[in-house]
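Breakdown of the fold
Read off the chains here:
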Amino acid sequence: MNGPLIVQSDKTLLLEVDHERADDCRRAIAPFAELERAPEHIHTYRVTPLGLWNARAAGHDAEQVVDALVQYSRYPVPHALLVDIAETMDRYGRLTLSKHPAHGLVLTTTDRPVLEEVLKSKRIAPLVGARIDPDTVAVHPSERGQIKQTLLKLGWPAEDLAGYVDGEAHPIDLREDGWALRPYQKQAVENFWHGGSGVVVLPCGAGKTLVGAGAMAQARSTTLILVTNTVSARQWKHELVKRTSLTEDEIGEYSGTRKEIRPVTIATYQVLTTRRKGVYPHLELFDSRDWGLIVYDEVHLLPAPVFKFTADLQARRRLGLTATLVREDGRESDVFSLIGPKRFDAPWKEIEAQGYIAPADCVEVRVNLTDSERLAYATAEAEEKYRFCATTATKRKVTEAIVRRFAGQQILVIGQYIDQLDELGEHLGAPVIKGETSNTQREKLFDAFREGEINVLVVSKVANFSIDLPEATVAIQVSGTFGSRQEEAQRLGRVLRPKADGHQAHFYSVVARDTIDQDFAAHRQRFLAEQGYAYRIMDADELLAES
Amino acid sequence: MSTEEKPAAPRSLAEALRARDDASLAALLRSRPDLITPVPTDLTQLATRAGTRASVVRALERLDRFALQTAEALAVAADPATYDELLGLMAGDAGDPVVAGALPRALATLREQALVWGGDDRLRLVRTARELLAPAPQHPSPTGLGPTVQEAASGMSPGRIQEIVTTAGLPSTHDSVSALAALTALFTDRARMTGLLAGVPEDSLDVLRRLMWGPPYGQVTADPAPRLRRLLDRGLLLPTAPGTVVLPREVALHLREGRAHRTPEPLPPPVGAAAAHRPQLVDATAAGQAQSALATVEELLKDWDEGGPAVLRAGGLSVRDLKRTAVALDVPEPVAAFWVELAHAAGLLASDGEADERYAATPAYDEWLELPAAERWARLAEAWSAATRTAGLVGGRDAKDRTLSALGPGLDRSAAPEVRHRVLALLAELPEGTAPDAESVLARLRWERPLRGRQPEDDLRGRLARWTLSEAELLGVTGRGALSSHGRALLGLPAAEPTKSPSTGDGDGSAYERRPGSATATAPGDGHGGSDGDDGPDAGRRHPGGAAAAGPADSGPAGAGDKLPVHHVRHHAPTPPAPRSPAEQAVASAAAARLLAPLLPEPLDHVLLQADLTAVAPGPLQRPLADMLDVLADVESKGGATVYRFTPGSVRRALDAGRTASDLHAFLAAHSRTPVPQPLAYLIDDVARRHGRLRVGAASSYVRCDDDALLDEILADKRATGLGLRRLAPTVLAAQADPAVLLEGLRAMGFAPAAESAEGDVLITRAHAHRTPPRTPPQPVPEGPPVPDETLLTAALRAVRAGDLAFTAPRKPNAGADAPAAGGELPRTSSAETLATVQAAVLTGEALWIGYVNAEGAASQRVVAPIRVEGGFVTAYDHTADEVRTFPLHRITGVAELADDAT
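Residues numbered from 1 in each chain as written. Chains lettered and ligands numbered in written order. Predicted model: local features only at pLDDT ≥ 70, side-chain atom pairs only at ≥ 80, totals over all residues.

Residues and elements named next belong to chain B. What the 3 strands build is an open sheet, ordered β3-β5-β4; its pairing is antiparallel. What marks the edges here is a single partner per strand, and that holds for β3 (217–219) and β4 (238–241). Strand-to-strand twist across the sheet, computed as the mean angle between neighbouring axes with direction ignored, equals 40°. As judged from the 3 bridges shared by β4 and strand β5 (residues 244–246), these two strands associate in the antiparallel manner. Bridging from a neighbouring strand, Pro239 pairs with Val245 of β5. (Pairing = 2+ DSSP bridges. Helix = DSSP H or I, 4+ residues; strand = E, 2+ residues; numbered from the N terminus. Axes fitted to C-alpha atoms, helices over the stretch in contact; angles between N-to-C directions.)

Structural data, given as structure tokens:
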């Protein structure tokens with residue numbers, strides 16, 4: 001009766017991390033509960049229908065779930081909650097998608113009324129074909145993803161047993177010379193491969209690319225990799241050439257500038273979602289080869305049209321990689337139904353403790369607007385307000401002070417507004433990378449930064465994702481995309497790559513006090529605070545006085 | 001046989017009662033308390049009262065199914081009947097050992113309740129009960145039996161009877177009476193009857209089989225088919241009315257092999273187990289539920305602390321307020337209604353009785369809050385178990401189709417406490433830790449109190465039982481569906497001895513035999529235990545194995561007379577809800593609280609603060625701590641633990657409540673197990689920095705002056721005290737007096753102030769003339785209506801003439817019709833006279849003129865020919881409606897013989 005877990009009536013689970021049985025408990029509840037917050041003392045997990053079905057998909061049953069709760073719970077678990085869990089889990093698997101030797105893809109049921117119920121739905125009707133027998137109905141093979149998505153929305157998730165195509169074989173091996181997959185990366189690859197399709201959640205800097213490479217080495221087939229932008233595509237290519245048996249020629253880039261299709265092809269979301277005259281001209285990419293594996297980098301950014309294409313790819317293995325499943329548009333359930341359930345998840349702090357990501361000191365610096373700025377802010381139009389307070393001149397002074405303090409270290413200054421960045425670049429004497437900077441120029445600057453030729457780099461949001469800046473130790477954020485939590489996580493990720501000398505990373509967020517900038521900052525930080533990154537809050541005056 | 005003990009068999013119920021001993025009379029009065037209100041003067045009066053319709057109906061409604069079946073069987077048997085006849089009707093020709101075993105008990109119950117009297121050789125059902133239960137066309141008997149040959153053939157012509165007798169193979173007789181007797185004898189003689197039926201073709205037998213289990217009536221055409229004709233000819237079917245035939249009772253009984261009931265139910269259906277848990281787990285779960293029940297009630301009342309929802313004019317809570325409460329408590333609406341009603345029942349919540357009536361916590365709530373948690377729970381549970389208000393009805397509609405609202409009128413159901421007690425008692429009979437199957441509990445309750453002739457959806461007791469099960473779980477009386485030990489104690493039920501549970505929990509599924517302890521609890525003496533703890537032992541005795549107390553079947557007839565030691569074979573359903581005395585209840589509650597207390601978690605004095613601006617209380621908090629945190633932070637998640645989130649708004653709330661930033665820092669430092677996270681400390685300081693920087697107050701007017709000294713002078717002047725002046729800034733005074741008074745005051749002090757407009761201009765003292773918005777002048781009001789024009793006038797005149805003509809023309813015929821109307825007041829006679837006249841009319845077959853008030857209260861006069869008078873009803877041919885109708889005697893205002901005004 002003295003367990004580490006407290007089951008709340010709103011179906012959240014509170015896990016006391018300092019408890020001696022906390023680790024056992026975490027392992028027991030991880031299959032069905034989503035880690036929602038992981039601050040220092042008490043971690044919060046949430047039990048959702050999605051998570052419970054996820055657990056069913058992974059082969060756990062209601063009894064195991066109930067047992068785990070009852071065994072580790074400090075207080076008696078409300079009976080109603082246990083009943084609810086059992087009932088929810090019972091909904092999974094009443095419907096199964098499978099391959100019928102004669103009829104192709106079919107939806108079968110073990111509970112006829114459920115099939116009747118879903119067939120009555122207007123959204124299901126166009127997706128199914130003839131009724132084969134009372135318990136079986138044919139499904140158009142092209143609607144495999146669509147029907148899964150719709151059934152999930154109806155609350156009757158289907159178990160997909162229709163399997164995967166192997167795709168065109170292509171030998172890929174990891175070249176582990178002088179390095180090896182880290183244990184958690186191995187675990188992630190294993191979990192993914194075992195589950196068939198799904199999402200791996202790892203902190204920024206924890207080596208998600210290698211998980212992708214590991215999965216490719218398992219699949220040993222042609223692979224399509226979808227990434228956010230060209231820079232990121234180049235990095236994937238670079239990394240793959242370095243870590244695997246693949247050669248430059250085997251890897252193609254499919255982007256705005258180049259349209260190569262090779263056994264391993266890396267495409268950007270942008271080119272896929274380009275529309276001309278109402279059609280997506282680059283969709284044939286999906287059909288251009290018999291892909292055996294599709295990797296979605298930064299799956300939390302997956303644009304809506306890609307979801308739609310993904311629905312048609314249900315017969316191929318899909319791997320989603322992300323630092324956070326938080327989507328500002330709340331489409332997490334689409335990720336679950338179309339790409340797959342979460343297969344691996346590790347709290348950031350845990351990986352930090354293992355030394356694979358650098359410890360970070362997060363500081364929020366609050367600057368005061370000057371009196372005249374306050375007046376101007378008060379009278380600014382609502383849509384201009386954020387821009388106004390985010391670009392206050394005081395921030396420049398603070399940024400300069402921080403840069404001075406860490407002189408000699410590799411410093412990134414990240415911001416949203418080009419004017420502000422240009423001004424900062426000018427004052428700091430640092431180059432600015434923004435949307436209009438050409439790719440060659442970008443790579444040149446990045447290389448220079450890597451080599452230590454440049455210490456300070458000012459970047460706009462183009463550098464949010466997937467650029468590998470191994471030696472950046474300090475990041476200063478002066479403005480952002482409003483209250484985006486995942487952007488904050490991405491930016492922190494810039495400095496989390498483990499440092500050669502093992503010293504601490506610093507993440508500064510400069511915020512204007514008593515303005516919406518401060519509110520947005522609070523929202524942005526929430527994800528990281530919940531991951532256990534405690535922000536210190538400093539007054540700008542204090543900081544200026546120190547330096 | 002019972003005459004062995006008495007010189008003569010009793011000749012009436014009164015005599016039978018007179019022969020009973022005190023204990024047995026006490027048992028009668030206990031089970032039928034309506035008989036002693038008011039206390040009867042003698043046993044004759046008691047017997048009379050026991051025979052009244054209302055009292056008999058009440059007694060019948062409280063019989064268990066088997067006792068009722070027994071009474072029904074007696075109602076179709078001969079009067080008086082012997083025990084063997086009764087046994088034959090109940091067990092059939094083949095006999096049924098279970099029925100035979102249970103019958104003495106059922107009979108004893110009926111005797112105890114004074115529904116049956118007489119020795120085993122002359123069993124008599126009291127006449128009113130017989131009238132209620134005997135088959136009649138108006139109210140078919142549950143047995144599905146029809147009238148006897150004698151009754152059914154009473155209207156047939158003697159010639160036809162003789163024909164039937166002959167066809168049936170009997171010699172013809174001189175008169176109908178002996179003919180029918182012979183026919184009855186034939187039908188009741190199994191051997192001869194079998195012979196008779198052997199001669200009937202199969203298709204005719206099919207007809208009989210269809211009618212055999214009732215209803216016994218069938219429709220025939222004027223020219224019946226041969227298979228029907230054969231039956232009619234032999235008297236196996238008898239005509240009752242044109243087009244209708246009936247299967248005589250004797251024939252049906254033969255076909256049924258003597259059984260009055262298709263399925264006699266001698267044994268109570270056992271309560272099945274749905275699941276078995278460890279008793280510790282059950283207690284722990286129930287305790288957790290109890291904890292959350294306390295939290296919910298507190299939360300509810302805290303929510304209503306600053307003025308709860310308004311009371312509807314008709315009383316109760318509006319649907320919208322209930323919805324809002326449900327959202328606030330994060331529970332479904334019916335559950336919210338339960339908590340609201342529970343708090344009300346426990347006296348923690350009431351209407352404040354102000355002009356603008358609202359619900360609010362009572363002073364008792366504050367006292368309740370001071371109690372230890374276990375006692376708080378006991379108070380709630382006690383209130384729940386005794387309440388007649390039923391939250392389950394909320395949201396439904398009453399007979400007048402008004403919505404029943406929570407806390408509103410119309411929620412009282414007097415059966416509720418008894419059903420609750422009974423359901424929990426049934427739970428208590430299961431092995432410890434066993435959750436019952438709800439359906440089997442309902443089946444058991446239905447057996448104990450069958451519904452007589454009502455529809456299943458109207459099954460109030462069933463619904464009450466279902467609500468009891470769910471409410472008990474909510475309240476933590478049960479855990480995982482099984483009765484907890486504190487729940488058991490609260491009900492005053494004997495605690496299941498822990499040593500016993502392993503030996504009795506052997507899965508025999510029989511709840512009835514496993515309570516030897518309970519027998520000892522009630523066997524000695526006959527104290528109050530008999531009134532409230534009697535469910536258990538009786539349940540035990542009902543079991544065939546334990547039926548020794550009722551005696552084996554064969555010894556029943558010999559020994560069981562009216563002197564039966566009735567108090568040993570008590571009726572099983574606790575007819576009176578048996579309220580425990582306050583002292584007993586207090587003892588039970590204290591016991592429950594004692595059992596519960598160690599299961600409830602100790603309140604904590606600390607929380608865990610985290611850098612994401614949350615605080616987690618890993619258990620219930622001590623009250624002062626919880627109160628403070630409720631102000632300082634928002635609750636994010638509830639349950640075993642509480643998660644609080646600090647926001648600028650919540651911190652400001654604490655500052656508004658008079659706390660300072662340093663108070664808050666000290667408070668957090670004192671109650672946090674870990675260092676206060678920097679962001680939290682910063683948040684408090686940041687909010688405190690801005691808190692109160694702007695000040696808001698009310699003033700009616702102000703004085704401003706660029707000269708500070710002049711304002712000093714005004715403030716110093718004694719005459720200014722009445723103006724309520726306060727200095728806001730060196731050059732501004734605020735005043736509570738309004739501008740006109742302030743101007744006057746300052747002028748009186750010798751100053752020359754000027755008034756200022758809202759824009760700050762000096763107002764010119766010459767006041768503006770006051771003007772209304774644009775208005776139209778009033779319309780003149782003429783003395784009468786406007787003079788009509790010619791067309792209107794002629795049209796009106798024509799209408800008046802036509803109406804006049806219509807009124808005067810039929811005058812004459814009307815005059816004649818006035819006479820009966822004038823004398824047509826309802827006849828009024830005393831009820832005795834009415835009864836006598838009607839009975840006389842039955843005998844003479846005369847028509848009567850009656851005054852009758854129907855159920856809606858509308859009076860009418862009718863001419864009727866009474867056919868029979870029974871049970872307070874007159875069945876009569878209604879000449880007015882041209883059909884046979886039944887009139888309740890009490891609705892007949894009076895009767896008069898028809899001859900008087902027939903002409």
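Here the narrative resumes.
As a further point, take the packing of helix α33 (residues 661–671) of chain B against helix α34 (residues 678–690) of chain B. Residue and element names in this part refer to chain B. One can describe the packing of α33 onto α34 by two numbers: an axis separation of 10 Å at closest approach and a directional angle of 165°. The angle between α33 and α34 places the two elements in the roughly antiparallel class. Every pair of crossing elements has a handedness; the one defined by α33 and α34 is right-handed. Contacts from Ala661, Leu664 and His665 of α33 reach α34 at Ala681, Ile684, Asp685 and Ala688. (Parallel < 35°, antiparallel > 145°, perpendicular 65-115°, else oblique. Left-handed = near helix turned anticlockwise from the far one by under 90°. Contact = placed C-beta atoms within 7 Å.)

This part is about the sheet that holds strand β14 (residues 634–637) of chain B. Across a sheet, strands are paired by hydrogen bonds formed along the backbone, either parallel or antiparallel in direction. Residue and element names in this part refer to chain B. On the basis of which strands lie adjacent, the open sheet formed by 4 strands has the order β12-β13-β15-β14 and antiparallel pairing. Two strands close off the open sheet at either side, each with one partner strand: β12 (608–610) and β14. The average angle at which neighbouring strand axes cross in this sheet is 30°, direction not considered.

A few words on the nonpolar core. Residues and elements named next belong to chain A. Residues Val200 and Ile476 are the most contacted members of the largest nonpolar core, which totals 160 residues. If one sorts the elements of this core by residue count, helix α8 (residues 208–219) sits on top with 7 residues. When neighbours within four sequence positions are excluded, Val200 is seen to be in contact with Ala188, Phe192, Val211, Leu319, Leu321, Arg343 and Phe344. (Core = buried A, V, L, I, M, F, W, Y, C linked by C-beta atoms within 7 Å. Buried ≥ 20, exposed ≤ 12 C-beta atoms within 10 Å, placed from the backbone.)

The next subject is the pairing of strand β5 (residues 95–100) of chain A. Residues and elements named next belong to chain A. Both β5 and strand β6 (residues 104–109) contribute to a ladder of 6 bridges, which runs antiparallel. Paired with His100 across the strands is Gly104, a residue of β6. Linking β5 back to β6 in an antiparallel pair, the connection comprises 3 residues. As judged from the 3 bridges shared by β5 and strand β9 (residues 158–160), these two strands associate in the parallel manner. Of the residues in β9, the one forming a bridge with Leu97 is Asp160.

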